[in-house]
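# An overview of the molecular structure
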Amino acid sequence: TTFFVLLVALTQSGKTGTMVGLIKQFLLTYNNYTPVQNIIVITGLSSREWKTQTTERIPDGIRVLHRNDLNNELADELKQAKNVLIIIDEVNIACQAKQTLEILFKRAGFQTIQELIERDIKIVEVSATPDGVLYNLSNSSWLEHTKIIKSYPGIGYTGVKELLEQNRIFQFYDLKGVIKGTNK
């Protein structure tokens, strides 16, 4: 009965590897009947670099789509689809009202929990900065159908805090050499 899962993890802590592991486990589960072609990794980012890098890491046969690929053709395909797993990387990008992901989901008919249940649509959202997504998933009508998972980095993780402590992050200067908002 869980149709929405949000994975929250720190930047550079292995979110893409976790998506790969999820896909592998999903495909190896004996009672899973979702065909490979019905597993899609998407993002609201319009980054060719993200698409190239993610495609290289994700198993063959899994579609990887960025914002420019999330069009009416895909929405029409999803409108008819059943038994689908959608993984949304950086879910906080282009997900607000009248933005790409919201438009895609509305056109695809992913508006009610009943529709997701009847069509067996599963959505995994991934982000280091989930912002309002956490609030949306706490909506009481969706609660029994959602899970929020917080992932913690492994030993040796280097994040922003560690980079600050190691004096490896420096103040940004504009091209004139001035700190924005100061006289320095």
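Note that the structure is predicted; figures quoted are calculated from it, not measured.

Here we take up helix α1 (residues 15-28). A turn of α-helix holds 3.6 residues, and therefore any two residues three or four places apart point the same way. For α1, spanning 14 residues, the distance from its first C-alpha to its last is 20 Å, which sits close to the expected 20 Å at 1.5 Å a residue. Lys15, Thr16, Met19, Ile23 and Phe26 are the residues of α1 that are buried. Projected down its long axis, α1 carries its buried residues within an arc of 105 degrees, all on one side. Opposite the packed face of α1, turned more than 90 degrees from it, sit the exposed residues Lys24, Gln25 and Leu28.

Moving on, we get to the packing of aromatic side chains. Applying the stated criterion across every chain yields a total of 1 aromatic pair. Look at Phe105 and Phe110: their rings are 5.3 Å apart centre to centre, the planes differ by 75 degrees, and that puts the pair in the edge-to-face class. Owing to a relative accessible area of 10%, Phe105 belongs among the buried residues under this scheme. The class for Phe110 is buried, based on a relative accessible area of 4%.

Parameters at a glance
- Residues numbered from 1 in each chain as written.
- Predicted model: local features only at pLDDT ≥ 70, side-chain atom pairs only at ≥ 80, totals over all residues.
- Heavy atoms only, no water.
- Helix = DSSP H or I, 4+ residues; strand = E, 2+ residues; numbered from the N terminus.
- Expected span 1.5 Å × (residues − 1).
- Buried < 20%, exposed > 50% of the residue type's maximum accessible area, 1.4 Å probe, protein only.
- Arc of directions from axis to C-beta.
- Phe/Tyr/Trp six-rings, centres within 6.5 Å; stacked < 30°, edge-to-face > 60°.

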